[in-house]
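# Structure at a glance
If you want the building blocks of each chain, they are given just below.
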Protein chains: 2
Amino acid sequence: MKMHNPPHPGEVLRQLCLEPLNLTVTDAARSLGVSRKTLSSILNGHAGISPEMAVRLSIAFNTSSESWLNQQVQYDLWHAEKNRKSLHVDRLSAA
Amino acid sequence: MKMHNPPHPGEVLRQLCLEPLNLTVTDAARSLGVSRKTLSSILNGHAGISPEMAVRLSIAFNTSSESWLNQQVQYDLWHAEKNRKSLHVDRLSAA
DNA sequence: CGGCCTGTAACCATATAGGTTACACTCGTG
DNA sequence: CACGAGTGTAACCTATATGGTTACAGGCCG
């Protein structure tokens with residue numbers, strides 16, 4: 001049921017992609033074709049991974065864009081689920 | 001490789017949830033706790049499914065919020081991938 | 001000291017989700 | 001026919017998010 005607090009995709013990006021290749025944020029941002037600030041925001045958890053960014057990452061690191069966006073979904077959903085009880089929604093399934 | 005044009009999650013929502021229960025857009029919106037316009041925008045493909053909306057759907061229809069957001073990711077990614085060639089990104093994997 | 005890398009603040013443009021209100025259209029039914 | 005219900009959507013507002021540029025302060029190192 002994936003009860004764990006999922007890491008922000010930016011952390012994963014830094015640990016799995018930048019550090020192994022000894023890439024600086026500045027260099028990686030240039031290679032990805034985005035500003036240093038944009039990449040920094042992601043790496044430090046201040047921004048999410050957009051669909052376009054997922055495609056950029058898939059090109060640069062030869063991965064699947066899906067995997068990056070799925071990580072983002074897990075992260076977003078974990079936070080959205082925390083407010084589940086505060087939403088007033090009627091159950092319609094077993095109506 | 002999932003090369004098919006994924007349907008907009010709003011279509012799926014209408015066909016799999018509203019129609020089987022004979023739910024009107026007006027009633028479903030009220031039950032979900034959102035405005036009729038918000039639900040209508042989703043159903044007609046003018047808006048995506050947000051994390052919070054995914055949780056609402058999961059409550060109302062006793063489904064998983066993840067499945068709704070995953071559908072949205074598939075849809076968004078399919079469109080983002082169409083611009084893959086127009087992005088200037090350096091390959092860093094086999095650097 | 002001086003250069004490089006970094007995080008980040010300030011400010012901008014753009015896009016999206018969501019709300020309210022209002023309008024025009026289509027149906028079904030009295 | 002007339003009316004109400006349901007619908008899509010335009011107009012307008014707010015809040016939030018991505019992303020860009022520029023600039024600054026701090027850390028690290030030769």
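Look above for the structure.
The following paragraphs examine the structure supplied in this document. (Residues numbered from 1 in each chain as written. Chains lettered and ligands numbered in written order. Predicted model: local features only at pLDDT ≥ 70, side-chain atom pairs only at ≥ 80, totals over all residues. Heavy atoms only, no water.)

## Some thoughts on the overall build of chain A
What chain A contains, in helices and strands, is 5 helices and 0 strands. Starting at the N terminus, the α and β elements of chain A follow one another as α-α-α-α-α. Against the globule reference of 12 Å for 95 residues, chain A gives a C-alpha radius of gyration of 16 Å, more extended than a compact globule. Seen along its three principal axes, the alpha-carbon backbone of chain A occupies a region of about 55 × 25 × 20 Å. Counting every position in chain A, which comprises 95 residues, the buried fraction comes to 40%. Considering only contacts in chain A between residues 6 or more positions apart, those separated by 24 or more positions represent 52%. Surface summary for chain A: the accessible area is close to 5,500 Å², and the carbon and sulfur share equals 51%. (Helix = DSSP H or I, 4+ residues; strand = E, 2+ residues; numbered from the N terminus. Rg over C-alpha atoms; globule rule 2.2 N^0.38 Å. Buried < 20%, exposed > 50% of the residue type's maximum accessible area, 1.4 Å probe, protein only. Contact = heavy atoms within 4.5 Å. Areas by Shrake-Rupley, 256 points an atom, 1.4 Å probe, with all protein chains shown as cover.)

## Let's talk about the protein's contact with DNA strand D
In the region of DNA strand D, 18 residues are neighbours, and Lys-37, Thr-38, Gly-48 and Ser-50 of chain A together with Arg-14 of chain B sit closest. Backbone atoms, meaning sugar and phosphate, make up 54% of the atoms of DNA strand D lying within 4 Å of the protein. At 2.9 Å from a phosphate oxygen of DNA strand D is found a side-chain nitrogen or oxygen belonging to Ser-35 of chain A. Take Thr-26 of chain B: an N or O atom from its main chain is 2.8 Å from a phosphate oxygen of DNA strand D. Within the residue set of the surface near DNA strand D, elements represented by two or more residues are α3 (36-43) of chain A together with α2 (25-32) and α3 (36-43) of chain B. The biggest single contributor to the surface near DNA strand D is α3 of chain A, with 3 residues. Looking at the surface near DNA strand D residue by residue, the class counts come to 3 nonpolar, 11 polar and 4 charged. (Near = heavy atom within 4 Å. Polar contact = N/O pair within 3.5 Å; in protein donor to acceptor, adjacent residues only side chain to side chain. Nonpolar A, V, L, I, M, F, W, Y, C, P; charged D, E, K, R; others polar.)

## Some words on the environment of Ile-49 of chain A
Mapping Ile-49 of chain A onto the fold places it in the loop between α3 and α4 (51-60). For Ile-49 of chain A, a relative accessible area of 4% puts it in the buried group.

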